[in-house]
Amino acid sequence: MKRYDVVALGELLIDFTEHGTSNQGNPILEANPGGAPCNVLAMLCRLGKQTAFLGKVGTDMFGDQLKAAICEVGIDASGLKRDEKIHTTLAFVHTKADGDREFSFCRNPGADVMLKEEDLEEDLIKNCKIFHFGSLSMTHEACRKATERAIAVAEESGAILSFDPNLREPLWESLDEAKERISFGLSHCHILKISDNEIQWLTSEEDFDKGIALLQSRYEIPLILLSMGKDGSRAYTKDCRAERPAYVQEGTIETTGAGDTFHGCVLNYVLEHGLDGLSKENLEEMLSFANAAASIVTTRKGALRVMPDRQEIETVIG
């Protein structure tokens, strides 16, 4: 029996999100704990799963805040390292008029990219059922090597590997490099969560189904999830395709963390039902639950500390 349901590696940072304007007309920013991998883990914790995180923050006030936040929601922080010289990574999130988001980063470098192979608590990886990672831990050499080592340990231990490309263009030297690193992730995962704009960028196919088919022909990925925002989501296995609509909330204020919430719910379903032999009905049930959870998070500021519980999600489904 493995101690952890899911262990994740990657960025843990502060998301500065807009919170109105001051009397002088200046934007007021709220410092929310963030980072896609820990958002996923926070959702899993809310559903009663055991999780742990591997990453690095600075020895500054924001690093203290982040460590306290992940411990508060139930994520094991024994794999979280502190860098004495490099500050905690910061992200500034601007929501445009059409609801799309624009990101700016203080990360050249930031503490998260300073994670090294020798920082890894490999016992955490060896003792997990699912190992989850993204592409942002592959933007710099040191953390890329750490990620590749963690993937190798996870594969050796028989874990299911989950991958979210989570493309953030400003963080890459070039999109060609991003595509190369993301392709590596695709070749080492059993579960892929990819967004509508990412599948179009990665495959040059405007039609989502054609793009997914192209990935299936290149990589042996048992379960692929496609998130399409307000248009819902789709799931693809070798044998079937399922689609469910989004639960559109009147109180939506921002979409930060919605995809991570969705992904956490998918991993929860796999933990409870397995990865093999999922029927169309199984996939539809999984998507409905994940879509409902994601819709709730869009009505709340931040993500990591405001994940919904099972009852809230089932109430939305009705």
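Now for a description of the structure that goes with this document. Note that this is a predicted model, so its numbers are computed, not measured. Chains are numbered independently. Their residues run from 1 in the order of the written sequence. This being a predicted model, a pLDDT of at least 70 is required before a residue's local features are given, and a value of 80 or more before pairs of side-chain atoms are given or counted; all residues contribute to the totals for chains, interfaces and linings. Excluding hydrogens and water, the side-chain figures rest on all heavy atoms present in the structure.

### Considerations on the overall build of the chain
1) Next: Numbered from the N terminus, helices here are DSSP runs of H or I no shorter than four residues, and strands are runs of E no shorter than two. Across its full length, the chain holds 10 helices and 13 strands.
2) Next: A radius of gyration in this sense is built from C-alpha atoms; the matching globule rule multiplies 2.2 Å by the number of residues raised to 0.38. A compact globule built from 318 residues should have a C-alpha radius of gyration of about 20 Å, and the chain, at 18 Å, falls within 12% of that.
3) Next: Along the longest, intermediate and shortest principal axes, the C-alpha atoms of the chain span 50 × 45 × 40 Å.
4) Next: Type-normalised accessible area, obtained with a 1.4 Å probe on protein chains alone, sets the label of each residue: buried when under 20%, exposed when over 50%, and partly exposed for intermediate values. Out of the 318 residues in the chain, the part that is buried amounts to 53%.
5) Next: Between two residues, a contact is recorded if the distance between any of their heavy atoms is within 4.5 Å. A sequence separation of at least 24 residues applies to 71% of the contacts in the chain between residues at least 6 apart.
6) Next: For the chain, the accessible surface area stands at approximately 13800 Å², while carbon and sulfur atoms represent 45% of it. Per-residue and other accessible areas were derived by the Shrake-Rupley procedure at a 1.4 Å probe size, with only the shown protein chains allowed to occlude residues.

### Digging into the nonpolar core
Burial of nonpolar side chains together is a common tendency in soluble globular proteins.
1) Next: Core analysis: the largest hydrophobic core is formed by 53 residues, its most contacted members being Leu12, Phe53, Ile70, Leu223, Leu225, Leu283 and Met286.
2) Next: Element by element, the count of residues in this core is highest for helix α9 (residues 280-297), at 10 residues.
3) Next: In contact with Leu283, not counting residues within four places along its chain, are Leu223, Ala235, Thr237, Cys240, Ala242 and Leu278.
4) Next: By nonpolar core is meant a set of buried Ala, Val, Leu, Ile, Met, Phe, Trp, Tyr and Cys residues that side-chain atoms within 4.5 Å join together. Among the nonpolar cores identified, the runner-up in size contains 44 residues, and Ile151, Phe208, Ile224 and Leu226 belong to it.

### Remarks on the pattern of salt bridges
1) Next: By convention in these notes, a salt bridge is any Lys or Arg side-chain nitrogen within 4 Å of a carboxyl oxygen on Asp or Glu. Enumeration over the complete set of coordinates arrives at 18 salt bridges.
2) Next: Across the salt bridge formed by Arg107 and Asp112, the nearest N and O atoms sit 2.7 Å from each other.
3) Next: Under the relative-accessibility criterion, Arg107 is labelled buried at 5%.
4) Next: Within this structure, Asp209, Arg234, Arg241 and Glu243 form a network of salt bridges that share partners.

### Some words on the packing of helix α1 (residues 36-46) against helix α8 (residues 258-273)
1) Next: Each axis is a line fitted through C-alpha atoms, and for a helix only the stretch in contact is used; angles between axes span 0 to 180 degrees, taken between their N-to-C directions. Running from N to C, α1 and α8 cross one another at 50°; their axes reach a closest spacing of 8 Å. Here α8 runs oblique to α1, going by the angle between their axes. With respect to the hand of their crossing, α1 and α8 are arranged in right-handed fashion. Across the interface between the two elements, Ala36, Asn39, Val40, Met43 and Leu44 from α1 touch Asp260, Thr261, His263, Gly264, Cys265, Leu267, Asn268 and Leu271 from α8. These descriptions rest on fixed angle ranges, namely under 35 degrees for roughly parallel, over 145 for roughly antiparallel, 65 to 115 for roughly perpendicular, and the rest for oblique. Two helices cross in a left-handed way if the nearer one is turned anticlockwise from the farther one by less than a right angle. They cross in a right-handed way if the turn is clockwise.

### Some thoughts on the sheet that holds strand β5 (residues 76-83)
The pairing of strands in a sheet happens through backbone hydrogen bonds and is either parallel or antiparallel.
1) Next: Between any two strands, pairing holds if DSSP finds at least two bridges. Pairing is mixed across the open sheet formed by 9 strands, whose spatial order is β5-β4-β1-β8-β9-β10-β11-β12-β13. The outermost strands of the open sheet, each flanked by one partner alone, are β5 and β13 (241-244). Geometrically, the sheet is characterised by an average inter-axis angle of 15° between neighbouring strands, direction not taken into account.
2) Next: As paired elements, strand β1 (residues 4-9) and strand β4 (residues 51-58) share 4 bridges and run parallel to each other. The partner of Ala8 across the bridge, within β4, is Phe53.
3) Next: Against the sheet, helix α4 (residues 141-156) contacts β1, β8 (128-134) and β9 (160-164), and its axis sits at roughly 155° relative to β8.

### Some remarks on the pairing of strand β12 (residues 233-236)
Across a regular strand the side chains alternate sides, sitting on one face of the sheet and then on the other.
1) Next: A two-sided burial pattern is seen for β12, the buried positions comprising Ser233 and Ala235 on one face and Arg234 and Tyr236 on the other.
2) Next: Where strand β11 (residues 223-227) and β12 come together, 4 bridges link them in antiparallel fashion. Note on β12: the bridge partner recorded for Leu225 is Ala235.
3) Next: Between the end of β11 and the start of β12, which pair antiparallel, lie 5 residues, with Gly229 showing a positive phi angle near 60°.
4) Next: Here β12 runs beside β13; their pairing, made up of 4 bridges, is antiparallel. Looking at the pairing, Ser233 lines up with Arg244 of β13.

### So, the packing of α8 against α9
1) Next: The N-to-C vectors of α8 and α9 enclose an angle of 145°; their axes lie 8 Å apart at closest approach. The way α8 lies across α9 gives a crossing that is right-handed. On α9, the residues touching Ala258, Thr261, Phe262, Cys265, Val266, Tyr269 and His273 of α8 are Asn282, Glu285, Met286, Leu287, Phe289, Ala290, Asn291, Ala293, Ala294 and Val297.
2) Next: Broken down by class, the residue content of the contact of α8 with α9 amounts to 12 nonpolar, 4 polar and 1 charged. Each residue is assigned to one of three groups, with Ala, Val, Leu, Ile, Met, Phe, Trp, Tyr, Cys and Pro labelled nonpolar, Asp, Glu, Lys and Arg labelled charged, and all others, Gly among them, labelled polar.

### Quick look at the packing of aromatic side chains
1) Next: Between the rings of Phe, Tyr and Trp (Trp by its six-membered ring), a pair exists once the centres lie within 6.5 Å; its type follows the angle of the planes, with under 30 degrees stacked, over 60 edge-to-face, and the other angles tilted. Evaluated as defined, the whole model comprises 5 aromatic pairs.
2) Next: For the pair Phe103 and Phe105, a centre-to-centre distance of 6.0 Å together with 10° between the ring planes defines the contact as stacked.
3) Next: Since its relative accessible area comes to 21%, Phe105 is described here as partly exposed.
4) Next: With 6.0 Å between their ring centres and 20° between their planes, Phe131 and Phe133 make a pair best called stacked.
5) Next: Judged by relative accessible area, which is 0%, Phe131 ranks as buried.
6) Next: Chaining the aromatic ring pairs together yields one cluster made of Phe16, Phe62 and Phe92.
7) Next: Geometrically, a charge over a ring is one whose NZ (Lys) or CZ (Arg) sits within 6 Å of the ring centre while staying within 35 degrees of the ring normal. Across the ring face of Trp201, the terminal group of Lys179 is positioned such that the distance to the ring centre comes to 5.1 Å.

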